[in-house]
Amino acid sequence: MSKYRGIEIRRLESSKGGMVEFFTAQASDETMLVQVPPNTIDDLFVHKTHTDQLLVVKGRFVIVTLLNKQYQYIPLSEDHPELVIIPPGVLHGAINLSSEPCVLVNAVLRHKAPQARDYVPHKRPFPYDLEAAAAALKNLELTNQIKNYGAAAV
């Protein structure tokens, strides 16, 4: 488990049954299937009334957070099943640099009734560093390749 400025990242627990791998479901008040279109550079959002619990099931993208006038780029991929937990009050956005859509599950934890302002985009105070976002994805791909190479060598 690791943390990025209030965001928690957890490797999913899994068990195998024959050739099938089962991942632990997340408790939620509402579960949404979300699609981030290809070549998307989204503005920032901040939710005051709920926690997002995100898991990529197809594709890859980058979550961007803003804290202390700095962006943090968190890469996510179907090849690296991790749950990303974004608590209320954290500015975040999405970048999909791929030509393919990214599909994710959001297991939302509601703390209060939803408010319209939770879904109003905030303008970026300064441009995203798309090279940093691409590098974050590349580093994740390299980590997956090393992990898969090590598993194949055993």
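The following refers to the structure shown. (Residues numbered from 1 in each chain as written. Predicted model: local features only at pLDDT ≥ 70, side-chain atom pairs only at ≥ 80, totals over all residues. Heavy atoms only, no water.)

## Focus on the nonpolar core
- Counting 15 residues, the largest nonpolar core has Ile7, Phe61, Ile63, Val84, Ile86 and Leu104 as its most contacted members.
- For this core, the secondary-structure elements that each account for two or more residues are β2 (7-11), β7 (50-58), β8 (60-67), β9 (70-77), β10 (82-86) and β12 (102-110).
- Look past the residues within four positions of isoleucine 86 in its chain and what remains in contact with it is Ile7, His50, Thr51, Asp52, Leu54, Ile63 and His92.
- The next biggest cluster of nonpolar side chains, apart from the first, holds 11 residues, and it includes Tyr71, Tyr73, Ile95 and Ala133. (Core = buried A, V, L, I, M, F, W, Y, C linked by side-chain atoms within 4.5 Å. Buried < 20%, exposed > 50% of the residue type's maximum accessible area, 1.4 Å probe, protein only. Helix = DSSP H or I, 4+ residues; strand = E, 2+ residues; numbered from the N terminus. Contact = heavy atoms within 4.5 Å.)

## What to know about the environment of lysine 48
- In this structure, lysine 48 sits in the loop between β6 (40-41) and β7.
- It is 5.5 Å that separates the C-alpha atoms of lysine 48 and glycine 89, two residues lying 41 residues apart in sequence.
- Setting aside its immediate chain neighbours within four residues, lysine 48 contacts Pro88, Arg117 and Asp118.

## Overview of the sheet that holds β9
- Reading across from one edge, β6-β11-β8-β9 is the order of the 4 strands in this open sheet, with antiparallel pairing throughout. What marks the edges here is a single partner per strand, and that holds for β6 and β9.
- Judged from the 8 bridges that link them, β8 and β9 form a sheet pairing that is antiparallel. Bridge assignment links threonine 65 to a residue of β9, and that residue is glutamine 72. (Pairing = 2+ DSSP bridges.)

## Some remarks on the pattern of salt bridges
- Tallied over the full model, the rule gives 4 salt bridges.
- Residue arginine 110 is joined to glutamate 30 by a salt bridge in which the shortest nitrogen-to-oxygen separation is 2.5 Å. Linking arginine 110 in strand β12 with glutamate 30 in strand β5 (residues 30-36), this pair joins segments that are 80 residues apart in sequence.
- Linking glutamate 141 and arginine 60 is a salt bridge whose minimum nitrogen-to-oxygen distance equals 2.2 Å. Of the two residues, glutamate 141 sits in helix α1 (residues 130-153) while arginine 60 sits in strand β8, which places them 81 residues apart along the sequence. (Salt bridge = Lys/Arg side-chain N within 4 Å of Asp/Glu carboxyl O.)

## Concerning the environment of histidine 47
- By the element assignment, histidine 47 lies in the loop between β6 and β7.
- For the pair formed by histidine 47 and serine 28, sequence separation is 19 residues and the distance between their alpha carbons is 16 Å.
- The residues touching histidine 47, leaving out its near neighbours within four places in the chain, are Asp52, Pro88, Gly89, His92, Asp118 and Tyr119.
- At a separation of 3.5 Å, a polar atom in the side chain of histidine 47 contacts the side chain of histidine 92. (Polar contact = N/O pair within 3.5 Å; in protein donor to acceptor, adjacent residues only side chain to side chain.)

## Looking at the pairing of β7
- Pairing between β7 and β12: 6 bridges, direction antiparallel. Counterpart to leucine 55 in the pairing with β12 is valine 105.
- In this sheet, β10 lies alongside β7 in antiparallel orientation, the contact comprising 3 bridges. Within β10, the position partnered with leucine 54 by the bridge is valine 84.

## So, the packing of aromatic side chains
- Overall, the coordinates contain 3 aromatic pairs when judged by the stated rule.
- For the pair tyrosine 71 and tyrosine 73, a centre-to-centre distance of 6.3 Å together with 55° between the ring planes defines the contact as tilted.
- For the pair tyrosine 71 and tyrosine 128, a centre-to-centre distance of 4.9 Å together with 75° between the ring planes defines the contact as edge-to-face. Note that tyrosine 71 is positioned in strand β9 and tyrosine 128 in the loop between β12 and α1, a separation of 57 residues in sequence. An identical accessibility class is assigned to tyrosine 71 and tyrosine 128; each is buried. (Phe/Tyr/Trp six-rings, centres within 6.5 Å; stacked < 30°, edge-to-face > 60°.)

What is shown is where atoms sit, not what they do.
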